[in-house]
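The lines below spell out each chain.
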Amino acid sequence: MSEIILMSDARVAAVAVEECGEPLVDVSGSLLVDDRKYKDSLGAETHLRRGVLERLLRAQSLLPDGLRLLFVEGYRPPALQRRYFERYADELRAAHPQWAADRIRTAASRYVSPPEIAPHTAGAAVDLTLADADGRELDLGTAMNASPEESGGACYTDAAGISEEARENRAVLGRALGAAGLVNYPTEWWHWSYGDRYWALATGAAVAPYGPKELEAQELGD
């Protein structure tokens, strides 16, 4: 298995950001959208950088007949990202009181990105899965957003011990998204990104064109 680079790795933070100013756009109407995250982000989660949406539409066109992307979450406000990270870190501290702060941060980053470098806060990352023509979610081996503890590690993209059907569905999803230029975070089969620091490190890009961003009222359609 190739090396897994976590979001907490200093190499990710070392990537320079040259913000391109591309706007966040609402993916509703362009992709099949699941509303399971609405209660947390109040509609912000349906937004992505325009270039990321364009690549998702390209990926969808590459899927086998009868399949489509099921979009769950894109942009995440920085304050919400911070809350998610701290909540999971607190769970780890409670479960492992002997762990040092650095170990807690590293372990937490398997599942929630540190707020200062999180791809979701840049509108560069998307959590998604596959659905059939009727919108029914396919089996990809674990529930969306299952933590490493909850899933016994099956949330890792290349995890052993999942069914052949789930493995093939992950491969179908990965081929389409990879061909469209997105990269996967290997501890979460559902997390893909383009244009953020992690993407830049993974692809060898000199800089990341998308940095953390606050969603403006007009971008929400207010």
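Remember, predicted model here, so these are calculated numbers, not experimental data.

With 43 residues, the main nonpolar core has L56, L69, V126, L130, L173, L177 and L182 as its most contacted residues. The set of elements that each furnish at least two residues to this core consists of α3 (50-62), β5 (67-73), β6 (125-132), α7 (164-179) and α8 (197-203). With residues up to four places along the chain from it excluded, the contact list for V126 reads L48, L56, F71, E73, G74, H120, L182, W190, H191 and W192. The next biggest cluster of nonpolar side chains, apart from the first, holds 11 residues, and it includes F85, Y88, A107 and V112.

A separate point is the sheet that holds strand β8 (residues 191-193). Across the sheet, which stays open at both edges, the 5 strands sit in the order β3-β5-β6-β8-β7 with mixed pairing between neighbours. Because the sheet does not close on itself, it has two edges, and the strands there are β3 (32-33) and β7 (183-184). Taken together, the 6 bridges between β5 and β6 define a ladder with antiparallel strand orientation. Bridging across to β6, F71 finds its partner in L128. Helix-sheet contacts for α7 involve β5, β6 and β8, and the interaxial angle to β6 is about 125°.

What follows is about α7. For α7, built from 16 residues, the straight-helix expectation of 22 Å at 1.5 Å per residue is met to within 8% by its first-to-last C-alpha distance of 22 Å. Each element contacted by the buried residues of α7 is listed here: α3, β5, β6 and β8. Following α7 by one or two positions, G181 adopts a phi angle in the positive range, close to 100°.

So, on to the packing of α3 against α7. It is at 8 Å that the axes of α3 and α7 come closest, and there the two elements cross at 130°. When the axis of α3 is compared with that of α7, the two are oblique. Crossing angle aside, the handedness with which α3 passes α7 is right-handed. Seen from α3, the contacting residues are L56, A59 and L62; seen from α7, they are A176, L177 and A179.

So, on to the pairing of β6. For β6, the buried fraction is high: 8 of the 8 residues fall into the buried class. Residues A125, D127, T129 and A131 line one face of β6 and the alternating positions V126, L128, L130 and D132 line the opposite face, and both faces are buried. With 3 bridges connecting them, β6 and β8 associate as antiparallel partners. Each bridged residue has a counterpart across the sheet, and for V126 the counterpart in β8 is W192.

Here we come to the environment of T187. Of note, T187 is situated in the loop between β7 and β8. In this structure the C-alpha to C-alpha distance between T187 and I4, which are 183 residues apart in sequence, comes to 8.0 Å. Sequence-distant contacts of T187, defined by excluding residues within four places in its chain, comprise I4, L6, R110, C155 and Y156.

This paragraph deals with the packing of aromatic side chains. All told, the structure shown has 4 aromatic pairs when counted by the stated rule. Each ring, one from Y185 and one from Y198, has its centre 5.1 Å from the other, and the planes form 85°; the classification is edge-to-face. In this pair, Y185 is assigned in the loop between β7 and β8 and Y198 in helix α8, connecting sequence segments 13 residues apart. Looking at Y185, the relative accessible area reads 1%, which means it is buried. Residue classification places Y198 among the buried residues on the basis of a relative accessible area of 7%. Residues Y194 and Y210 carry aromatic rings whose centres are separated by 6.2 Å and whose planes lie at 65° to one another, so their mutual orientation is edge-to-face. Of this pair, Y194 sits in the loop between β8 and α8 while Y210 sits in the segment after β9 (207-208); the two residues are 16 residues apart in sequence, bridging distant segments of the chain. Assessed through its relative accessible area of 14%, Y194 is described here as buried. Aromatic rings pair up to connect Y194, W199 and Y210 into one cluster. If you follow R55 out to its NZ or CZ, it ends over the ring of Y194, 3.8 Å from the centre.

Each value, and the rule that gives it
Residues numbered from 1 in each chain as written. Predicted model: local features only at pLDDT ≥ 70, side-chain atom pairs only at ≥ 80, totals over all residues. Heavy atoms only, no water. Core = buried A, V, L, I, M, F, W, Y, C linked by side-chain atoms within 4.5 Å. Buried < 20%, exposed > 50% of the residue type's maximum accessible area, 1.4 Å probe, protein only. Helix = DSSP H or I, 4+ residues; strand = E, 2+ residues; numbered from the N terminus. Contact = heavy atoms within 4.5 Å. Pairing = 2+ DSSP bridges. Axes fitted to C-alpha atoms, helices over the stretch in contact; angles between N-to-C directions. Expected span 1.5 Å × (residues − 1). Parallel < 35°, antiparallel > 145°, perpendicular 65-115°, else oblique. Left-handed = near helix turned anticlockwise from the far one by under 90°. Phe/Tyr/Trp six-rings, centres within 6.5 Å; stacked < 30°, edge-to-face > 60°. Lys NZ or Arg CZ within 6 Å of the ring centre and 35° of its normal.

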